[in-house]
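# What the coordinates show
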Amino acid sequence: MTYDSIIAGAGFAGAVTARVLAEAGRRVLVLEQRPHVGGNAFDCLDESGILIHQYGPHIFHTNDKTVFDFLSRFTVWRTYEHEVVANLPAENGRMELPVPFNLASLRLAFGPERSAQLQEKLISAYGAGTKVTILQLREATDPALSDLAQYVYDHIFVRYTMKQWGQTPEEIDPAVTARVPVFLSEDCRYFQDTYQGMPLHGYTALFENMLRHDNVDLRLNTDAREHLRFENGTILLDGAEFTGDVIYSGPADELFGCCFGRLPYRTLDFKFETFPADVVQSHGTVNYTMDEDYTRITEFKHLTGQVRPGVTTTVKEYSRAYTGADGEIPYYAIANADTAALYAKYAEKAAQFPRLHLLGRLAEYRYYNMDAIVAGALALSRKLIGESAC
Ligand code: FAD
Ligand code: UDP
C-alpha cells in the first residue's frame, strides 16, 4: 500500500486532518501509539458500566460554527452546560461557591448586605457582565475591592494553582488563570460559548465515525517514531524516502530525541472511584480550592447524562511534573519565555522538513481546547489540499 500522507496521532489533530485529506482523495496512514483512537478525549465503559473519560473530563464548547458543524457530521449532541463549584472549608463545615466566582458566589461568601455593597462597587468599576481576571482584580485600589480580590485569590486561586502548576498565579502565564475569570454575572455556567455539549454516544464513537473512510488506514499500538526518520531535509518511512505530507501531533521535543533538552510539562494521575449510589456530588465537577491534595473531582454521569441507577464513578486529578518516564503522559505545556525559546528550536528544526507539519496541543506546545485543535486541523488540512479555509 502506498500513502500520500502520514499522520502521527489519532486525537482531534490527527483524526480531523485524516478525514479532510481522505475526503480530498489522499491515501492516509494514521499511526497511533495507544491501543485506541481519540487521544485524551477517549472515553469507554468502566467495569461497572459507567461511561468514563480515561484521561480526565472533556466537555465540548466552542463559538466556532465551522468546528461545530464539522464535528456534527460524526455525532449527535447531548445538550450539556457544565457547572463547577469550589468546595472549601467554612465556619460550619464546608461550603460550595460557583466557579467562575460570580455574583452568586459573592452572596454566598459575604451574605446579602456586604455582597450588595461589593456588587455595586464591582459593577461601577468594571461594568455588569464583565469578566475580570484575578490578576486584574488584584490591582484594584478601592480598599473593599482589594479585600475582595484577596479573598478570591486565597479561596479560589492560589492553592488550586499551586497544586496544578507548582507555582503561584503570578508565576504562571496570566492567560492560564484568565481562563477562569471573576464573572460579574448571575450566569453559573463554566463556559459561555454558543455551542456546548457532549457527543451523545461518546467521544470514541465520534472518532470511530470520523476515521471510518476507505482512504484511511489506522494502525494502533504503533509509535510513529519507529517508522519515520528525519535526515538532511529528507523524511524516511521505514527507510525509504517519503515525499508526502507528515502531520505529527505528539510532543515536538520527543520527535527529535529531545536534542535541545526536554520541554517541561505537567502530567496528571487519575484516581477513579465507583460508588453504590445514583449520584455522589452536587455538580459535574467540584474543585478543591483550599485543601486536599487533588485539584478536582468529576462525576461522569452529570456530564454524559447516563442513566444507571445505584452506581456512579468519579475521578480525582492529581497534578505533578512530567518526567518522561515510561507510561507518563504530558498533558499541559508550561508557557513562559524560556519554554517559548526552547520550543522555537524544535519548530525551527521541524521547518527544515517542508512536508513535516507540527499540529496539536503537544506538537505546538500550546494550552489548546478541543475546538481550537479542530479549527487548526481544518485550516492545515484545507491548506494542504489547496482549499480556502473560509
Ligand atoms: P491528544 O488528544 O493528546 O492526541 C495526540 C495523540 O497522538 C495521542 O493519542 C497520542 O497517543 C498520539 N501520539 C503522540 N506521539 C505519538 C507517536 N510518536 N506516534 C503515534 N502516536 C503518537 N478541551 C476542551 O475543549 N474541553 C475540556 O473539557 C477539556 N478537558 C481537558 C481535561 C484534561 C485533563 C486535559 C489534559 C485536557 C483537556 N482538554 C479539554 C484539552 C483536550 O484534551 C485537547 O485540546 C485535545 O485532546 C488535543 O488534541 P490533540 O490531538 O492535539 O492531542
Ligand atoms: N483555577 C483556579 N481555581 C479554580 C479553577 C481554575 O485557580 O477553581 C486556575 C488554575 O490555575 C487552573 C486555571 O485556572 O490551572 C485554568 O483552569 P481550567 O479549569 O481552565 O483548567 P483545565 O480544565 O484546563 O485543567
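Look up: the structure comes first, before these words.
Residues numbered from 1 in each chain as written. Chains lettered and ligands numbered in written order. Predicted model: local features only at pLDDT ≥ 70, side-chain atom pairs only at ≥ 80, totals over all residues. Heavy atoms only, no water.

### Thoughts on the overall build of the protein
Counted only if it meets this: In this text, helices come from DSSP runs of H or I with a minimum length of four residues, and strands from runs of E with a minimum of two, each type numbered from the N-terminal end. When we talk radius of gyration, it's over C-alpha atoms, and the globule rule is simply 2.2 Å times the number of residues to the 0.38. Burial classes follow relative accessibility: with a 1.4 Å probe on protein chains only, a residue under 20% of its type's maximum area counts as buried, one over 50% as exposed, and anything between as partly exposed. Where accessible areas are quoted, they stem from the Shrake-Rupley method and a 1.4 Å probe; at the residue level, only the protein chains shown are allowed to cover.
Along the protein, the regular secondary structure elements total 11 helices and 22 strands. Relative to its length of 390 residues, the protein is compact, with a C-alpha radius of gyration of 22 Å against a globular reference of 21 Å. With the C-alpha coordinates of the protein rotated into their principal frame, the extents come out at 75 × 50 × 40 Å. When burial is assessed residue by residue, the protein has 55% of its 390 residues classed as buried. Of the roughly 17,200 Å² of accessible surface on the protein, 50% is carried by carbon and sulfur atoms.

### So, the site of ligand 1
Note the threshold: Near is defined per residue: the residue qualifies when any heavy atom it owns lies within 4 Å of the molecule or strand. Between N or O atoms, a polar contact is any pair within 3.5 Å; within protein, one atom must be a potential hydrogen donor and the other a potential acceptor, and residues adjacent in sequence are included only when both atoms are from side chains. Three classes are used: nonpolar for Ala, Val, Leu, Ile, Met, Phe, Trp, Tyr, Cys and Pro, charged for Asp, Glu, Lys and Arg, and polar for all others, with Gly counted as polar.
Close to ligand 1 lie 30 residues; Glu32, His58, Ile59, Tyr368 and Met370 are nearest. In the model, a nitrogen atom of ligand 1 is placed 3.0 Å from a nitrogen or oxygen of the proline 57 main chain. Between a nitrogen atom of ligand 1 and a side-chain N or O atom of tyrosine 248, the distance comes to 3.0 Å. Alone, ligand 1 offers 980 Å² of accessible surface; in the complex the protein occludes 96% of this. Elements with a contribution of two residues or more to the shell around ligand 1: α1 (12–23) and α11 (370–384). Grouping the amino acids of the shell around ligand 1 by side-chain chemistry returns 14 nonpolar, 11 polar and 5 charged.

### Notes on the state of the cysteines
In protein chemistry, a disulfide is the covalent bond that joins the sulfur atoms of two cysteines. Stated formally: Any two cysteine sulfur atoms lying within 2.5 Å of each other are counted as a disulfide.
If you walk through the whole model with that rule in mind, you get 0 disulfides. Of all cysteine sulfurs in the structure, the one in cysteine 259 sits closest to cysteine 258, which takes part in no disulfide; the separation is 8.0 Å.

### Section: the pattern of salt bridges
Going by this rule: When a carboxyl oxygen of Asp or Glu is within 4 Å of a side-chain nitrogen of Lys or Arg, the pair counts as a salt bridge.
Evaluated as defined, the whole model comprises 21 salt bridges. Between arginine 94 and aspartate 291 there is a salt bridge, with the nearest N and O atoms lying 2.9 Å from each other. Pair noted here: arginine 94 is in strand β8 (residues 93–99) and aspartate 291 is in the loop between β18 (285–288) and β19 (296–299), with a separation of 197 residues, a long-range link. For arginine 94, a relative accessible area of 41% corresponds to the partly exposed category. Under the relative-accessibility criterion, aspartate 291 is labelled partly exposed at 23%. Here aspartate 223 and arginine 225 are joined by a salt bridge, their closest N and O atoms 2.7 Å apart.

### Points about the nonpolar core
Stated formally: Remark: nonpolar core denotes a set of buried residues (Ala, Val, Leu, Ile, Met, Phe, Trp, Tyr, Cys) joined through side-chain atoms within 4.5 Å. In what follows, a contact means two residues having at least one pair of non-hydrogen atoms within 4.5 Å.
Residues Phe12, Phe70, Leu71, Phe101, Leu148 and Val152 are the most contacted members of the largest nonpolar core, which totals 73 residues. By residue number, the principal contributor to this core is helix α5 (residues 143–165), which donates 9 residues. Setting aside residues up to four positions removed in sequence, phenylalanine 12 forms contacts with Ala41, Leu71, Tyr203, Leu206, Phe207, Met370, Ile373, Val374 and Ala377.

### Observations regarding the side chain of histidine 61
Counting through the fold element by element, histidine 61 comes out in strand β5 (residues 60–62). The exposure class assigned to histidine 61 is buried, which follows from its relative accessible area of 10%. If we skip the residues at most four places from it in the chain, histidine 61 touches Phe191, Asp193, Tyr195, Gln196, Asn369 and Asp371.

### Overview of the pairing of strand β13 (residues 228–231)
Heads up, the rule is: When DSSP locates at least two bridges between a pair of strands, those strands are taken to pair.
Here β13 shows a buried face lined by Leu228 and Phe230 and an unburied face lined by Arg229 and Glu231. Across 4 bridges, the pairing between β13 and strand β14 (residues 234–237) is antiparallel. Across the sheet, glutamate 231 pairs through a bridge with threonine 234, a residue of β14.

### Digging into the environment of arginine 94
Apart from the residues within four sequence positions on either side, arginine 94 is in contact with Asn87, Leu88, Pro89, Tyr288 and Asp291. For arginine 94, the side chain forms a polar contact with the side chain of asparagine 87, separated by 2.4 Å. Among the polar contacts listed, one links the side chain of arginine 94 to the side chain of aspartate 291, at a separation of 2.9 Å.

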